[in-house]
Amino acid sequence: MSLPRWMEPLLEAGEMREIDRWAINERTIAVDELMERAGEGLAGVISRRAPAGRVVFVCGKGNNGGDGIVAARVLRQAGRDVEVLLVWPAEWMGSDAQAQLKKLPGAKPVAFEAGRLNKAQVIVDCVLGTGSSGKPRSPADQVISEMEAAKAPVIAADVPSGVDATTGEVEGPAVHCVATAAFHRPKVGLWVRPGKEYAGEVDIVDIGIPRGGPARPDAGLIGSGVLREVPRRGATSTKFSSGNVCIIGGSRGLTGAPAMTALAAMRAGAGYVTVGAPASLELSFTVRLLEAMVVGLPEDGDGHLDASGLEPVLKAVVRADAVVLGPGLSKNPQSQALARAVAPRIDVPLVVDADGLNALAGQLEEILAGRRWPTVLTPHAGELGRLLEVDSAEVERSRLRHVREAAAISKAFVVLKGDDTLVAAPSGRVAISRGRAPGLATAGTGDVLSGVIGAMLAKGMPVAQGACAGVYAHLRAGQIAAAPHGPDGVIASDVIASLPAALSA
Ligand SMILES: NC(=O)C1=CN([C@@H]2O[C@H](COP(=O)(O)OP(=O)(O)OC[C@H]3O[C@@H](n4cnc5c(N)ncnc54)[C@H](OP(=O)(O)O)[C@@H]3O)[C@@H](O)[C@H]2O)[C@H](O)CC1
Ligand SMILES: [K+]
């Protein structure tokens, strides 16, 4: 199935190779033509981003190196001071790259020498591209470390060397670039951490590959078009048709979380919001949430939901179109047991967040896989690590693999939060947020996200679309909240207040 219109496709290295082969074999586009356009495009990116001073190309033996040789020729012909350094002997280069070497005017390339990077105004990394696999091996590893240590900014051809183009994983040395010239389409690894941190700005270079190629990408960026899919209130809307969200959570000391989830759901357009929380805390919600309903639920007498509350919870959610389970729930064993009992019994779309997720640690399949209605999980790396019973550092190393694994096991949509928020479907498809909203790095913004996604699902959006619309609106609200004074003083309430503006565009 092709990607929805609001997703901008990203390619894995294998998909790019397939498209490449198709263009060459089926559309009879010559490799040197593709390389020529890639090199010209790369030269254009360099001219725009580093318009003066010496350009030092560092070229490997594959076609990525060949692209660099073309760009070096184009820039020399334009009068730039260009030096070309080779990582491997010229005779080891592929035939297409060797052909480009013969056309290079001016000084011949020389063997790589770290000292030569000192005179560079900009370094161009053409060592490894989509043809590389695994940790960089010698001599590429040493060269990559030297480029990383050099003072001059680095621009990457297609993918920063050391970054896996398919996964964004970085197993050994890699180069932090200010920009990456991505040929044809950006590769997945440019948008997934840690690879994303190395890619810098991503400039797309059209290399003349026609439409209609063979690859059916399964990953893409969430585009602004997703907001056009959000159902809007009209003349015949009622508070119920706008979306009825019920939030189950809260505990003594953690009353802000469900309150913010509720406010976020309302600001994201839900017409009717209920908070089900420990009975002794009812008053704090009643005074905070003028527009919401509050239902007091059985508790342990100390402000924690009790496992005996299953039936009252099911009664509280009976008219909801979507439920958010977990904000402020706490790690109290009784409350956690309640969450485990409730999750399989909710017969509407369910969002599980925060301590609701912790309740599912190691039991994703048993508790969620049999649900008849869609489920969305919204973990950060630590929570995903607990769900899968692996270290959070391991999740951070391979974010795509882990988010897909959790989605496959639980048959839920899993939203792995971060600057590169990943939304994985049980099928393996992944939608990726562009990120760049540092204002969101503050307490409570996760509660806001679960409320926004809850509202989208309550409006009846298909689950992938609803989760992605929620992620996009939340990101944009974070950017709007930071616009007046920068990200540092942003609090989650500002993000909530910015949701209507974020959703109106
Ligand atoms: N896709 C397109 O339409 C076009 C792509 N272009 C550019 O080509 C590269 C991909 O080129 P390719 O030749 O397939 O591969 P690379 O240049 O990335 O490099 C492969 C060489 O590197 C060696 N290698 C592989 N892994 C490692 C590693 N871990 N450490 C060190 N060296 C590694 C490998 O050598 P072996 O010894 O393993 O055989 C290869 O020699 C793409 O990214 C674009 O930049 C075209 O120019 C235009 C069309
Ligand atoms: K590269």
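Remember, predicted model here, so these are calculated numbers, not experimental data.

K.L.:
Can you tell me about the coordination of the potassium ion (ligand 2), naming the residues and giving the values?
P.N.:
At 2.6 to 3.0 Å from the potassium ion (ligand 2) lie its protein donor atoms, namely Asn-64 (OD1), Asp-125 (O), Leu-128 (O), Ala-157 (O) and Val-159 (O). Considered as a linear motif, the donors of the potassium ion (ligand 2) on their single chain read N-x60-D-x2-L-x28-A-x1-V.

K.L.:
Lay out the UniProt feature "binding site: AMP" (unreviewed entry) in the protein in plain terms, naming residues and giving numbers.
P.N.:
The feature "binding site: AMP" (unreviewed entry), as annotated in UniProt, sits at Lys-417, Gly-418, Asp-419, Asp-420, Thr-421 and Gly-446 in this numbering. For this annotated set, covering 30 residues, all C-alpha atoms fall within 14.3 Å of each other, a compact arrangement in space. Structurally, the position occupied by Asp-419 is in the loop between β16 (413–416) and β17 (422–424). On the basis of relative accessible area, Asp-419 is assigned to the partly exposed category, the value being 24%. Other than its neighbours up to four places away in sequence, Asp-419 contacts Arg-193, Lys-196, Ser-433, Arg-434, Gly-435, Arg-436 and Ala-437. Aside from chain neighbours lying at most four places away, what touches Thr-421 is Val-415, Leu-416, Ala-431, Ile-432, Ser-433 and Val-471. In terms of polar contacts, Thr-421 uses its side chain to reach the backbone carbonyl oxygen of Gly-418, at 2.8 Å.

K.L.:
Residues and numbers for the site of ligand 1, please.
P.N.:
Around ligand 1 sit 25 residues, and of these Asp-20, Asn-64, Asp-67, Gly-129 and Asp-158 come closest. Separating an oxygen atom of ligand 1 from a backbone N or O atom of Gly-129 is a distance of 2.6 Å. Burial of ligand 1 by the surrounding chains reaches 81%, relative to a free accessible area of 930 Å². Listing elements by their share of the shell around ligand 1, those giving two or more residues are α1 (13–25), α2 (31–49) and α3 (63–77). Classifying every residue of the shell around ligand 1 by side-chain character gives 10 nonpolar, 9 polar and 6 charged.

K.L.:
Describe in detail the domain arrangement of the protein, supporting the description with residues and values.
P.N.:
In terms of domains, the protein is made up of domain 1 (7–222) and domain 2 (236–504). Each of domain 1 and domain 2 was reduced to a C-alpha centroid, and the two centroids are 41 Å apart. Counting from both sides, the interface comprises 20 residues of domain 1 and, opposite them, 23 residues of domain 2. Interface area, domain 1 with domain 2, both sides summed: about 1,800 Å², of which 51% is carbon and sulfur. For the domain 1 face of the interface with domain 2, the top three residues by lost area are Arg-193, Asp-218 and Ile-222, together amounting to 40%. Glu-8 is the partner of Arg-434 in a salt bridge, and the nearest nitrogen-oxygen pair spans 2.5 Å. At the junction of domain 1 and domain 2, the tally comes to 10 residue pairs in polar contact (both at pLDDT 80 or more). Among the secondary structure elements, those contributing two or more residues to the side of domain 1 that touches domain 2 are β1 (7–10) and β9 (219–222). Top element by residues in the side of domain 1 that touches domain 2 is β9. It accounts for 4 residues.

K.L.:
If you had to explain the packing of helix α16 (residues 445–458) against helix α18 (residues 492–504) to someone new, which residues and values would you point to?
P.N.:
Between α16 and α18, the least distance of the axes is 9 Å, while the angle of their chain directions is 35°. With respect to the hand of their crossing, α16 and α18 are arranged in right-handed fashion. For the pair formed by α16 and α18, the contact residues are Thr-445, Val-448, Val-452 and Met-456 on the first element and Ala-492, Val-495, Ile-496, Leu-499 and Leu-503 on the second. Split by residue class, the contact of α16 with α18 holds 8 nonpolar, 1 polar and no charged.

K.L.:
Would you mind going over the sheet that holds strand β4 (residues 110–111) in detail, with residue names and values included?
P.N.:
Taken in spatial order, the 7 strands of this open sheet run β4-β3-β2-β5-β6-β7-β8, and their pairing is parallel. Edge strands, defined here as strands with exactly one partner in the open sheet, are β4 and β8 (201–205). Looking at chain direction, strand β5 (residues 122–126) and strand β6 (residues 154–157) are connected through 3 bridges and run parallel. Directly across from Val-124, in β6, lies its bridge partner Ile-155.

Rules used throughout
Residues numbered from 1 in each chain as written. Chains lettered and ligands numbered in written order. Predicted model: local features only at pLDDT ≥ 70, side-chain atom pairs only at ≥ 80, totals over all residues. Heavy atoms only, no water. Donors = N, O, S within 2.8 Å, 3.2 Å for Na, K, Ca; no water. UniProt positions renumbered as here; feature names shortened; annotations may be inferred. Helix = DSSP H or I, 4+ residues; strand = E, 2+ residues; numbered from the N terminus. Buried < 20%, exposed > 50% of the residue type's maximum accessible area, 1.4 Å probe, protein only. Contact = heavy atoms within 4.5 Å. Polar contact = N/O pair within 3.5 Å; in protein donor to acceptor, adjacent residues only side chain to side chain. Near = heavy atom within 4 Å. Areas by Shrake-Rupley, 256 points an atom, 1.4 Å probe, with all protein chains shown as cover. Nonpolar A, V, L, I, M, F, W, Y, C, P; charged D, E, K, R; others polar. Domains from an automatic or database assignment. Buried area = accessible area lost by both parts, 1.4 Å probe. Salt bridge = Lys/Arg side-chain N within 4 Å of Asp/Glu carboxyl O. Axes fitted to C-alpha atoms, helices over the stretch in contact; angles between N-to-C directions. Left-handed = near helix turned anticlockwise from the far one by under 90°. Pairing = 2+ DSSP bridges.

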